[in-house]
Amino acid sequence: MSPVVLAITGASGAIYGVRLLEVLLAAKRTVYLTISPSGVAVLKEELGLAINIEQFSQKDLFERRSHAPREERHRQMPASQSDSDTPPRQLAERDDSLVYCHHQDLMSPIASGSFLTAGMVVCPCSGSTLAAIAHSMGSNLIHRAAEVHLKERRKLVLVPRETPLSLPQIDNMRKATEAGAVVLPASPGFYHGPKSIDDLADFVVGRICDQLGVEKELIQRWGSRR
């Protein structure tokens, strides 16, 4: 099975990127992961994860998030009664199914169209990353890998989490869509009866998985109420 490329950039919503990574690995998919410096800053601010992109350790990314500075916000909602078979949000250090790529390493396999993948997701996708992709003005591996997916006509999913939107941002979303990308805003639904912040994250991650053809029932789908 071809690997999936995941880029985490500096938009709010780091929980979506980390949760997506957990779900993909739990589904036995190989993931090529790259993180921008701004993405590292947001991971630290929102989830309390200290990532060193120069000396990356999987353990740092999957350590328990109970130490996150905003833990109290998660306690405001009762625990989820989800029947998902996906492991919880803290995982042990993984094996080589997770491949880390430095954001400036343009010699990485994912910088080449000859390296086959099942798709790429930028989650969360910052406004500057969206602009670079929409205008084909890449300056790092994330931009280059996204360009590769567009030119090779492979699935590229961009997950912005910004509100309100400026006209240039809307126009960039249009340009990216016209080029072949899927713009999937991090807009969780509520019809599945979420009971926790993690349930809201799973809604978005589930929709991303649908785009990638990864079969994971993270939420109760519309029309399937018991």
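This is a predicted model, so every value here is computed, not measured.

A.B. asks: Sorry, what's going on with the environment of V18 here?
C.D. replies: When you line up the elements, V18 lands in helix α1 (residues 14-26). Given a relative accessible area of 1%, V18 falls into the buried group. For the pair V18 and C123, spaced 105 residues apart in sequence, the C-alpha to C-alpha distance is 8.8 Å.

A.B. asks: Would you take a moment to explain the packing of aromatic side chains for this structure?
C.D. replies: For any pair of aromatic rings, the description consists of the separation of the ring centres together with the inter-plane angle of the planes. Applying the stated criterion across every chain yields a total of 4 aromatic pairs. With a centroid separation of 4.2 Å and 10° between ring planes, the pair formed by F56 and Y100 is classed as stacked. A residue pair is termed long-range when its members are at least 10 positions apart, and F56 in the loop between α2 (37-47) and α3 (58-62) and Y100 in strand β3 (residues 98-100) qualify at 44 residues. Under the relative-accessibility criterion, F56 is labelled buried at 19%. A relative accessible area of 22% means that Y100 is categorised as partly exposed. Arranged with centres 5.3 Å apart and planes meeting at 85°, the rings of Y191 and W222 form a pair that is edge-to-face.

A.B. asks: Explanation requested: the environment of E178 in the structure shown.
C.D. replies: On the secondary structure map, E178 appears in helix α7 (residues 167-179). Residues E178 and A134, 44 residues apart in the sequence, show an inter-C-alpha distance of 9.2 Å.

A.B. asks: Sorry, what's going on with the sheet that holds strand β5 (residues 156-160) here?
C.D. replies: Strands pair in a sheet through their backbones, by hydrogen bonds, and they do so in one of two ways: parallel or antiparallel. Read from one edge to the other, the open sheet built from 6 strands follows the order β3-β2-β1-β4-β5-β6, with strand pairing classed as parallel. The sheet terminates laterally at β3 and β6 (182-183), the two strands that pair on one side only. Two elements, strand β1 (residues 4-8) and strand β2 (residues 31-35), share 5 bridges in a ladder whose sense is parallel. In the strand pairing of β2, L6 is matched with L33. The strands touched by helix α5 (residues 127-134) within the sheet are β4 (119-125) and β5, with β4 carrying the most contacts at an inclination of about 140°.

A.B. asks: When you look at a nonpolar patch on the surface in this model, what are you seeing that I'm missing?
C.D. replies: A contiguous nonpolar surface patch, about 290 Å² in accessible area, is contributed by L165, L167 and I170. With respect to the helices and strands, the residue L167 is situated in helix α7. For L167, a relative accessible area of 67% puts it in the exposed group.

Definitions and cut-offs
Every chain is numbered on its own, with residues counted from 1 as its sequence reads. Residues qualify for local features only when their pLDDT is at least 70, as the model is predicted, and side-chain atom pairs are given and counted only at 80 or more; totals for whole chains, interfaces and linings, by contrast, use all residues. Think of the side-chain values as coming from all heavy atoms in the structure, minus any hydrogens and water. For helices the rule is a DSSP run of H or I covering at least 4 residues; for strands it is a run of E covering at least 2, with both sets numbered from the N terminus onward. Using a 1.4 Å probe on the protein chains alone, a residue whose accessible area is under 20% of its type maximum counts as buried, one over 50% counts as exposed, and one in between counts as partly exposed. To pair, rings of Phe, Tyr and Trp, with the six-membered ring standing in for Trp, must have centres within 6.5 Å; the planes then decide the type, stacked if under 30 degrees apart, edge-to-face if over 60, and tilted in the middle. A pair of strands is considered paired only if DSSP assigns at least 2 bridges between the two. For this analysis, residues touch if any pair of their heavy atoms sits within 4.5 Å. In this description, a line fitted to the C-alpha atoms serves as the axis of each element, helices being fitted only across the stretch in contact, and the angle between N-to-C directions of two axes falls anywhere from 0 to 180 degrees. Residues enter patches when they are more than 30% accessible in relative terms and free of salt bridges; like-charged ones are connected within 9 Å and nonpolar ones (Val, Leu, Ile, Met, Phe, Trp, Tyr) within 5 Å. Areas reported here follow the Shrake-Rupley algorithm with a probe of radius 1.4 Å; residue values treat only the protein chains shown as occluding. Any carboxyl oxygen of Asp or Glu that lies within 4 Å of a side-chain nitrogen of Lys or Arg is treated as forming a salt bridge with it.

Purely geometric numbers; function is a separate question.
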